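Listed here are the chains, written in short residue letters.
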Amino acid sequence: GLGDVYKRQVPIIAALLFTAGLLVIYDTSPLDALDSIFQGAFGDQSKVLSVMAFWVPLTLCAVGLVITFTAGLWNIGIEGQLILGSIAASWVALKVNAPAPLQIPLEILAAMLAGALWAAISAVLKTRGKVHEIFSGLALNNLAIILTNYLISGPWQPPEGGTFRGTSPFPDIALLPRFADSRFSPISFVITLIAIGLVYVTLRGTFWGLKLKALGKNPFSSFLLGVASERETILAMMFCGALAGLGGAVRVLSWFDSLRQSISGGIGFLALLVVMLAGYRLLWVPFISFFFSVILNGSITLQLRTQLHS
């Protein structure tokens, strides 16, 4: 009802007033700050494309998390799943010389498989070892970071020697086609739209989606109804991991041109916030992801103009 609408608006208004108050304390006009963010996100074509380039992997991760949250799973390990996708795509880019039409599809498939298998570890630990996915996910996130740093400074180090900056740049044939020399790949945008549609159909129009909802609502009752909780848990985590791995591929093949330290950029953790703010409703996810992408890209200009922390 109307009362519920007002209740939802109160936290938003309170947050805006609190933020405006902080800006005033530091002698900055809230309107100037808002204008700085707007110019930083939409001031020219390159900034708009940067917003879209960040939106793609964030939305892929968030859309995947809708699946696991629907099944009642806290997939904190999505950060590591994104990183493993980056590593797998990087391996294909550096080590596999496939024909041009096959190179990028192989990188994407490898990334999705790696993300899915990394997620499956958490799922198996939960179903067979009774280890909560939060704890296994955090451990696997750290292992993924360690593995990245090892590869960058060890086996995949550039010819000039080891460095924590990154691997050698990938050949052009291995990179996603980018628009106007930006970090935004139209192909990755189309893939993201397909992923949103796939998850929507899965949750709204398939028996598997119905089983995931039953599992998330009441695991015991769903067991009595014949839902195989172990299988559905593993499949849900792997589905999410595959989309996170795809997001990792986009990071290394369009945002960057090599495997870098801190390749995830915290996107996995941010995606968790996006989905929770969306109330686990899929159709809200792309818009909230876009909002965060605007804020994060625009805050750079805010920092430069006002000398405030971004």
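Quick caveat: nothing in here was measured; it's all calculated off a predicted structure.

Undergrad: Before we go on, may I ask you to explain the pattern of salt bridges in this structure?
TA: Close approach of charged atoms lets side chains of opposite charge pair. A full pass over the atoms with the stated rule returns six salt bridges. Among the ionic pairs, Glu-230 bridges to Arg-128, the shortest N-O distance being 2.5 Å. Taken together, the residues Glu-230 in helix H10 (residues 229-255) and Arg-128 in helix H5 (residues 100-129) connect sequence positions 102 residues apart. Looking at Glu-230, the relative accessible area reads 31%, which means it is partly exposed. Glu-232 is the partner of Lys-211 in a salt bridge, and the nearest nitrogen-oxygen pair spans 3.2 Å. Separated by 21 residues along the polypeptide, Lys-211 in helix H8 (residues 207-217) and Glu-232 in helix H10 bring together distant segments of the chain. In this structure, Lys-211 and Glu-232 share a single accessibility class: buried.

Undergrad: How do you make sense of the packing of aromatic side chains when you look at a structure like this?
TA: Pairs of aromatic rings are described using the distance from one ring centre to the other and the angle between the two planes. As enumerated under the stated definition, the model contains nine aromatic pairs in all. Measuring from ring centre to ring centre gives 6.1 Å for Phe-54 and Trp-255, while their planes differ by 65°; the resulting arrangement is edge-to-face. Note that Phe-54 is positioned in helix H3 (residues 45-70) and Trp-255 in helix H10, a separation of 201 residues in sequence. Assigned by exposure class, Phe-54 and Trp-255 land together as buried. With 5.8 Å between their ring centres and 75° between their planes, Phe-291 and Phe-292 make a pair best called edge-to-face.

The rules we used
Residues numbered from 1 in each chain as written. Predicted model: local features only at pLDDT ≥ 70, side-chain atom pairs only at ≥ 80, totals over all residues. Heavy atoms only, no water. Salt bridge = Lys/Arg side-chain N within 4 Å of Asp/Glu carboxyl O. Helix = DSSP H or I, 4+ residues; strand = E, 2+ residues; numbered from the N terminus. Buried < 20%, exposed > 50% of the residue type's maximum accessible area, 1.4 Å probe, protein only. Phe/Tyr/Trp six-rings, centres within 6.5 Å; stacked < 30°, edge-to-face > 60°.

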